Number of protein chains: 2
Amino acid sequence: MIMIEKEKPLPEKGELLIKVKAAGVNRTDTLTRQNPSLEKPYPILGIEVSGIVEENHSSISRLKPGTRVAGLVNHGGYAEYVTMPADRAMVIPESLTMTEAVAIPEVFLTAYQTMYWLGELKNKERILIHAGGSGVGTAAIQLAKQLSEAEVFTTAGQSKKLDFAKELGADHVINYKKENFEKIINEVTDGTGVDVILDFVGASYWEKNLASAAIDSRWVLIGTLGGSEVDDFSIGSIMGKRLSLKGTVLTPRSDAYKAKLTQEFIDRSMPLFEDGRLKPVIHSVVPFSEVKEAHRQMEDNENIGKIIIKITEE
Amino acid sequence: MIMIEKEKPLPEKGELLIKVKAAGVNRTDTLTRQNPSLEKPYPILGIEVSGIVEENHSSISRLKPGTRVAGLVNHGGYAEYVTMPADRAMVIPESLTMTEAVAIPEVFLTAYQTMYWLGELKNKERILIHAGGSGVGTAAIQLAKQLSEAEVFTTAGQSKKLDFAKELGADHVINYKKENFEKIINEVTDGTGVDVILDFVGASYWEKNLASAAIDSRWVLIGTLGGSEVDDFSIGSIMGKRLSLKGTVLTPRSDAYKAKLTQEFIDRSMPLFEDGRLKPVIHSVVPFSEVKEAHRQMEDNENIGKIIIKITEE
């Protein structure tokens, strides 16, 4: 990564020009950085920011210059200025700082999208959330409890992550290095299994996830941290359990999709951030000059919750 | 299979007593018959009948005694009398005989459920229907064309089945013994792929189905005629293509589910049977005394469309 001087980006119709205060670090940033086929001019990384509206070229009149907003951008978030489609901007509640607010968009929208739009989580259902200490994991645990009173099972490999998941409301925390999650789930649920699985792991948990799934359950595949090559997989239980297995990635979705998701999320969830029932989870705040350190932390899976880059002072 | 004399079944509240005219043969019948763990008293096979309402113990007053109906029953269809939940009864249009009408419920409801409730087929989308000569395949081709103006790709292993699929409206017919369907689909669609796959085949087509699927497509797994053990399957494309893979079986679904499905199907499809745009597809009509022959035909995959057992004269 190199830091360069560039002109302010020019907002198009429907966009905001944002003076960036903070940017979130996401897996897609580290993957883009490592992409060997990238050529000059290198892109500006960063898909999520918080900041202050400087210009509003959209018809959403309440987003006046000076408004504090957070949201997803298509690229270029690691910068002092960025453009953002106005229909993705979340107005930041007074109770949150910009550094806190930038920890919301990517992980909470991903958790919301995968749990509700794909996982179709219903009130008081059971959900298995893998990687309970990750950004999306900590967001998903909170949403599942606060919006749906779900019974939450979560896995992680470190006891401090599991303790934290418990604080966020997880009902059953499982150390995957010491315990078999599918065995615990089947014991706790009398063999019924869970209704929704948020799977960041992929291949290495394949059969165990199948064994944990209830009849008519939804299994959402969001990551392949445990590899992507499954061998000797029997599809009989996909039919027998009437399973829905849904793969997804958020970043390449259309602008219209992200706008709709953002609006629904704002309506259902922002009031809960205002009253403190939902909380952004922050692992570290790193100055702009130390962006390499921020990426290192993510690549080493050190974090519980988000790694934030502070771009300019609030 | 043996034929025995039994008392008429007693309808419960919400049920009809039906004097059976014809019963459809289904894969679940042959599988139940072959089940080595079955013990006496053996069940009466048969999950779909047409016949005349003899008693109505439900609140659906239009199903008066004498009404001609067809529909799914929970078991016991290969008999002179059977009980049927009244909310599963389809009133038979005058244009159809009872032998024709009994060819509708299982295959058309399965095709409807898998294409619309699970596959979420939208108007003018592309669909790949495997086993285009099967009961569900011939129903699915018709529904996809008549209800959704879909672009239909279908596969079969015999040219007479493919010719018939073409007559029913299939746009692209592919002999899987001579051609690679994924290659043809990618050529015809300029690499885009199909939006929905109805998959009766399972393991042996696994990678080919993945290669045929469009971004955001829905792949409905209804059968494993090609085996159920997949080896070396890469899940990356499930995420990259944002695929939904949905397993299903209709028979064990709840009564409420079948009732809702039946009512929606009646509303959307029965008018098209009345005016002849949808047609039951019948392979053979076998007398009750030759039920073994009916099962043999199904086990040998001889049929294009339904095998019907004539129980009593109309």
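Not measured: the values here are computed from a predicted model.

Asker: Residue-level account of the packing of aromatic side chains, with values.
Answerer: Under the definition given, this model contains 23 aromatic pairs over all chains. Relative to F265 of chain A, the ring of F108 of chain A has its centre 6.4 Å away and its plane inclined at 45 degrees; by these criteria the two rings are tilted. One end of the pair, F108 of chain A, is in helix α3 (residues 105-118); the other, F265 of chain A, is in helix α9 (residues 255-274), and 157 residues separate them in sequence. Each member of the pair, F108 of chain A as well as F265 of chain A, carries the same accessibility label: buried. Here the aromatic rings of Y112 of chain B and Y116 of chain B are separated by 4.9 Å at their centres, their planes lie at 40 degrees, and the arrangement is tilted. With a gap of four residues between them, Y112 of chain B and Y116 of chain B both fall in helix α3 (residues 105-118), about one helical turn apart. Of the two residues, Y112 of chain B and Y116 of chain B, both sit in the buried class. Site record: aromatic cluster; members linked through ring pairs are W206, W219 and F233 of chain A together with W206, W219 and F233 of chain B. The positively charged end of R268 of chain A is found above the aromatic ring belonging to Y116 of chain A, 4.9 Å away from the centroid.

Asker: Kindly report on the environment of A294 of chain A, identifying the contributing residues and their values.
Answerer: Residues and elements named next belong to chain A. Relative to the helices and strands, A294 resides in helix α10 (residues 291-299). A sequence separation of ten residues divides A294 from S284, and the C-alpha atoms of the two residues are 8.3 Å apart. Ignoring anything within four residues of it in the chain, the contact list for A294 reads V25, V286, I307 and I309.

Asker: Any details on helix α5 (residues 159-168) of chain A? Residues and values, ideally.
Answerer: Residue and element names in this part refer to chain A. Among all positions of α5, only K161, L162, A165 and L168 are buried. All buried residues of α5 fall inside an arc of 115 degrees around its axis, so they share one side. In α5, the exposed positions that point more than 90 degrees away from the buried face belong to D163 and E167. Taken together, the buried residues of α5 touch α4 (135-148), β7 (151-156) and β8 (172-175).

Asker: Could you give an account of the side chain of T30 of chain A, naming the residues involved and the relevant values?
Answerer: When you line up the elements, T30 of chain A lands in helix α1 (residues 27-34). Not counting chain neighbours up to four residues away, the residues in contact with T30 of chain A comprise H295, M298 and E299 of chain A.

Asker: I'd like a description of the relation of the copies chain B and chain A, backed by residues and values.
Answerer: Both copies of the chain are related by a screw-like operation: a rotation about an axis and a shift along it. Here chain B sits on chain A after a turn of 180 degrees about the axis and a move of 0.0 Å along it, with an RMSD of 0.0 Å. On this basis, the relationship between the two copies can be described by a two-fold rotation axis.

Asker: Which residues make up the domain arrangement of chain A, and what values do they have?
Answerer: All names here are of chain A. What the domain assignment lists for chain A is domain 1 (15-104 + 252-310) and domain 2 (107-247). Using C-alpha coordinates to define each centre, domain 1 is positioned 26 Å away from domain 2. On the domain 2 side, the residues contacting the 26 residues of domain 1 number 20 residues. For the pair domain 1 and domain 2, the two sides together bury roughly 2,200 Å², of which 62% comes from carbon and sulfur. It is L261, R268 and I304 in domain 1 that bury the most area against domain 2; as a group they hold 26% of the surface buried on that side. Here domain 1 is connected to domain 2 by zero salt bridges. Our count for the contact surface shared by domain 1 and domain 2 stands at nine residue pairs in polar contact (both at pLDDT 80 or more). Examining the composition of the side of domain 1 that touches domain 2, we find that ten residues originate from one element, α9, more than from any other. Among the residues making up the side of domain 1 that touches domain 2, the classes are represented as 13 nonpolar, five polar and eight charged.

Asker: Just give me the short version of the pairing of strand β15 (residues 306-310) of chain B, but keep the residues and values in it.
Answerer: Residue and element names in this part refer to chain B. With four of five residues buried, β15 lies mostly within the body of the structure. With three bridges joining them, strand β1 (residues 15-24) and β15 adopt antiparallel strand pairing. Paired with A23 across the strands is I309, a residue of β15. As paired elements, strand β14 (residues 282-287) and β15 share five bridges and run parallel to each other. Directly across from P287, in β15, lies its bridge partner K310. A crossover links β14 with its parallel partner β15, the connecting element being helix α10 (residues 291-299), and its sense is right-handed.

Cut-offs applied
Residues numbered from 1 in each chain as written. Chains lettered and ligands numbered in written order. Predicted model: local features only at pLDDT ≥ 70, side-chain atom pairs only at ≥ 80, totals over all residues. Heavy atoms only, no water. Phe/Tyr/Trp six-rings, centres within 6.5 Å; stacked < 30°, edge-to-face > 60°. Helix = DSSP H or I, 4+ residues; strand = E, 2+ residues; numbered from the N terminus. Buried < 20%, exposed > 50% of the residue type's maximum accessible area, 1.4 Å probe, protein only. Lys NZ or Arg CZ within 6 Å of the ring centre and 35° of its normal. Contact = heavy atoms within 4.5 Å. Arc of directions from axis to C-beta. Least-squares fit on C-alpha atoms with pLDDT ≥ 70 in both. Domains from an automatic or database assignment. Buried area = accessible area lost by both parts, 1.4 Å probe. Salt bridge = Lys/Arg side-chain N within 4 Å of Asp/Glu carboxyl O. Polar contact = N/O pair within 3.5 Å; in protein donor to acceptor, adjacent residues only side chain to side chain. Nonpolar A, V, L, I, M, F, W, Y, C, P; charged D, E, K, R; others polar. Pairing = 2+ DSSP bridges. Right-handed = clockwise from strand over helix to strand, strands pointing away.

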